[in-house]
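The chain contents come next:
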Amino acid sequence: MLTAVAVLLVVTFATFALVRATPGNTASSIAVRQAGPGATQEQVDRIREELKLDDSVVAQYGVWLSRAVSGDLGRSEKTGRPVAEEIAEKLPRTLFLALGSTLIAVVVGFAAGIVSAAVRRGPLPGVLRLLALVGASVPAFWMAFLLIVVFSERLGLLPTSGQAGPASWVMPWVVLAVPAAATISRVVAVALAEALRQPYVTAARARGASVRSTIWRDALPNAAAATLNVTALQVGMVLTGTVVVETVFAWPGLGAWFVASVEFRDNWAILAGVLVFAVGFILITRTADVVQTVGDPRLREERIR
Amino acid sequence: MRRGLLLGLPLLLIALVGALAPWLAPASPNATDLTASLQPPSADHWLGTDQLGRDQLSRIVHAARTSMAMAAVVMAIAITVGVSVGAVGAYVGGVVDRVVTAAVELALSVPSLLLALAIVGIRGNSLPNLIFALSVLAWAPYARIARGAVLGYRRSAASDALVGLGAHPLRILFVHVVPSAARPSLVFASTDVGAVVLATAGLSFLGLGITPPTPEWGQMLVESRPYLGTAWWLWLPPGLAITAVALSGNLVSEHVGVPPELRRWRMRRPSAPRQPERVVLPAELDADAPLLAVRELRVRFDTPGGEVVAADGVDYEVRAGEVLAVVGESGSGKTVSSLAPLGLLGEQALVEGSARFRGTELVGADEQTLRMVRGAGIGIVFQDPYAALNPLRRIGSQVAEGLPLGLSKDDARERVVELLGSVGLPEPASLVDRYPHELSGGMRQRVLIAAALAGDPAVLIADEPTTALDVTTQAEVLTLLQKLGRDRGLALVLVSHDLAVVADLADRVVVMRHGRVVETGPTADVLAGPRHPYTRDLVAAIPALGRTPGTRFVTGVDHVVEEAPC
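These remarks concern the structure in this document. (Residues numbered from 1 in each chain as written. Chains lettered and ligands numbered in written order. Predicted model: local features only at pLDDT ≥ 70, side-chain atom pairs only at ≥ 80, totals over all residues.)

### Overview of the overall build of chain B
(1) Moving on: Check the secondary structure of chain B and you find 24 helices and 10 strands.
(2) Moving on: Looking at chain B as a whole, 46% of its 566 residues qualify as buried. (Helix = DSSP H or I, 4+ residues; strand = E, 2+ residues; numbered from the N terminus. Buried ≥ 20, exposed ≤ 12 C-beta atoms within 10 Å, placed from the backbone.)

### Points about the sheet that holds strand β1 (residues 292–303) of chain B
Either a parallel or an antiparallel arrangement is found when strands of a sheet pair, and the pairing is made through backbone hydrogen bonds.
Residues and elements named next belong to chain B.
(1) Moving on: Taking strand neighbours across the sheet as the criterion, the four strands line up as β2-β1-β4-β5 in an open arrangement whose pairing is antiparallel. Both outer strands of the open sheet, β2 (306–318) and β5 (360–361), are each paired with one neighbouring strand and no more.
(2) Moving on: Looking at chain direction, β1 and strand β4 (residues 349–357) are connected through eight bridges and run antiparallel. The partner of Ala293 across the bridge, within β4, is Arg356. (Pairing = 2+ DSSP bridges.)

### Quick notes on the interface of chain A and chain B
(1) Moving on: Between chain A and chain B, the residue contacts involve 66 residues of the former and 65 residues of the latter.
(2) Moving on: Broken down by element, the side of chain A that touches chain B gets its largest block of residues, nine residues, from helix α10 (residues 211–248) of chain A.
(3) Moving on: Grouping the amino acids of the side of chain A that touches chain B by side-chain chemistry returns 39 nonpolar, 15 polar and 12 charged. (Contact = placed C-beta atoms within 7 Å. Nonpolar A, V, L, I, M, F, W, Y, C, P; charged D, E, K, R; others polar.)

### Considerations on unusual backbone geometry
Residues and elements named next belong to chain B.
(1) Moving on: Note the cis peptide between Pro212 and Pro213, where omega equals 5°.
(2) Moving on: Looking at where Pro213 falls in the secondary structure, it is placed in the loop between α10 (169–205) and α11 (217–224).
(3) Moving on: For Arg358, which is not glycine, the phi dihedral falls at a positive 50°.
(4) Moving on: As for its position among the elements, Arg358 is in the loop between β4 and β5.
(5) Moving on: The partly exposed category is assigned to Arg358, around which 17 C-beta atoms lie within 10 Å.

### What about the nonpolar core?
(1) Moving on: Within the largest apolar cluster, 253 residues are counted, with the highest numbers of intra-cluster contacts made by Ala144(A), Leu192(A) and Val459(B).
(2) Moving on: If one sorts the elements of this core by residue count, helix α8 (residues 166–196) of chain A sits on top with 20 residues.
(3) Moving on: In this structure Val459(B) touches Leu291(B), Leu292(B), Val318(B), Gly377(B), Ile378(B), Leu490(B), Ala491(B) and Val493(B), once residues within four positions along its chain are discounted. (Core = buried A, V, L, I, M, F, W, Y, C linked by C-beta atoms within 7 Å.)

### Concerning the sheet that holds strand β8 (residues 491–496) of chain B
Residue and element names in this part refer to chain B.
(1) Moving on: Within the open sheet, the six strands sit side by side as β6-β7-β8-β3-β9-β10. Their pairing is mixed. Of all strands in the sheet, those with a lone pairing partner are β6 (378–381) and β10 (516–522), marking the two edges. Neighbour-to-neighbour, the strand axes of this sheet turn through a mean angle of 15°, independent of strand direction.
(2) Moving on: Pairing between β6 and strand β7 (residues 459–463): four bridges, direction parallel. Across the sheet, the residue bridging to Ile378 is Val459, located in β7. (Axes fitted to C-alpha atoms, helices over the stretch in contact; angles between N-to-C directions.)

Okay, here's the thing in structure tokens:
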């Protein structure tokens, strides 16, 4: 937990320092961006005072951090609205997108991984492995194009944008889920094959256990522990992948908002975006450690001690 | 490695195309011709033209140059920084190493695409900023690899030798340490190119990477967006190019990091084993008939390096109440020949010959028949009690697995407690809900014995049951096996590399070497008059009272091979 906080502090501080170290972020230029060329000296002074621009970078960061902790992430230079308000409005849509994709990615990824390691005959495992390799290699934005061409342009089945019901969710969900599902299935297949080679699996079979039973009771729990970190990382990538997918499908969530903020060089929004995405990403990856500790009796015991 | 090169071929090809772009491209990538815009592929323009009438093929080819140049720069920075940081951290150690490790951990736990976007957003969209944004986290995996490699090198004997010879530390660092770290880094790099190309394309696609008019695949894709339904030649080729680069990298990494049985596209089935005969011959149901009779057993393994014969014409048999010792050095095929009859050697094993349990042929039998024999007919105690118990399952669950089906939960628990008690485990009731790691090696081996007995087998095969245990525990476990064998009237097969260990227990001995049985007979006869030179060496190696101290220990010496009458 301590490391997670440290990572957040370092990342936000680095981003903050980068903002301050970049020319064009002086009080007068911010005033010009906010109020136009006719910005008065009073406005400039007010901005300088508000952002403590005369203090050191560390002190300024301290001010930003204390405000951020109390929920004040500054005002967007683009819209003039509080950044926190914009995030509160966009975040649920992004979570909806990311959760749907995560569900698809984990279910499909594990299923494909289990089949490619457990099925020993026929072309199915090979086909699945090939699909997983291709799925992990196709860039999300191009896959989105392929789907749009086939399902929107040719077949006219799915809308290319909007949030009007399940039909408009399918393509964003799938595009976001495919790379994660592909990577998860590859890792699950490798870990499961490894686990199936372990002596405890042979021992269980020597007691009369079926292959199916050893997969579910012996190999999979051990393999899942080994795949937990990669799975969490992929879920984190689903979250940050919304940046691209929301832009392609005009999904009005946090990802598209972040890209728009970056295009506009809206510093407070960028900083807040980095914070929110990093918190989400780290929460997800740390959850893997906790789950691992709870699921493994050896680690569980160490923790209690 | 040759296969690895083949898989990386698309990548090399695209890199080559990029390098030779000015000579390969039929036209300038930026020459516009508005009279010929959005032309489909033709003899003049193999991949058509875009909305400004630019030759699409020339743009694709030049975009390869852009991507590859970008990847080369970013990876040069990442590898240089990463390998130096990691190597120095591992070499210097102490605080420096801790800082390096922390920095690597930090860099690896930050979402890279996001940070790259933020950097470009804050600093502005320019080539140096883009390169900075892409390399700021890319060094971390290389630092981790280099650190591991250097730590490995430092622990090696070569490192000690160099220090002993008085080599200068800097010379050691640059001539020996850095190269040892560079090699695994380069292997990773071959798989990392795709990631850099993908990231560049992603940023360009968002309008935050390579700026027009410089051709770049991601940016070509954005420009093609309005023509998705009309001009396939605009959006299909750039996407295929990015996918090809990424796929090539993934194939190489798969080749490097994936276990061989998953690498094959389709499992090769061993040639069909001969049809099982499941006829039970009356003669073999005699009380005196062997419970397990192995004849001409031959086991081959299909390995990447070719076929390996692990057992070649093995014969043995064991009767109820009898103790048979199978003795041989590691690799002699003794374990393989005891697991093969039950079909427990995996897919790569090809088993031939015959192994009859109570007259039922096991070689080539279907899974259903084998499952009925496993546990309930023949029980197995495995060599390594630490590896043969699933660390995530409770003891009770693993012992109960072998119990006959149809027992109620309470009955099953009672039987498990009974079994655990019968192998001499103290407080068996409290062990049922414990996990393997809470038990000592000797206790685990007793648990494994209890589990093997759960199905009430007639034959118990113990594969090196004491090798992983300390000497006192060894004796206890052997005594236990002997007692269980006697009490239950088991046919006990003791597999061991140590004739001394089993000599006291066994009624008969089978000596194996190089996959063949070299000698077999009643224990007393074999010990008194070993006929095969290898057996003579084994017998001579048994420590005995009255033997001159300092007698040469001769087990497994190779002169035997020449003398052996084969």
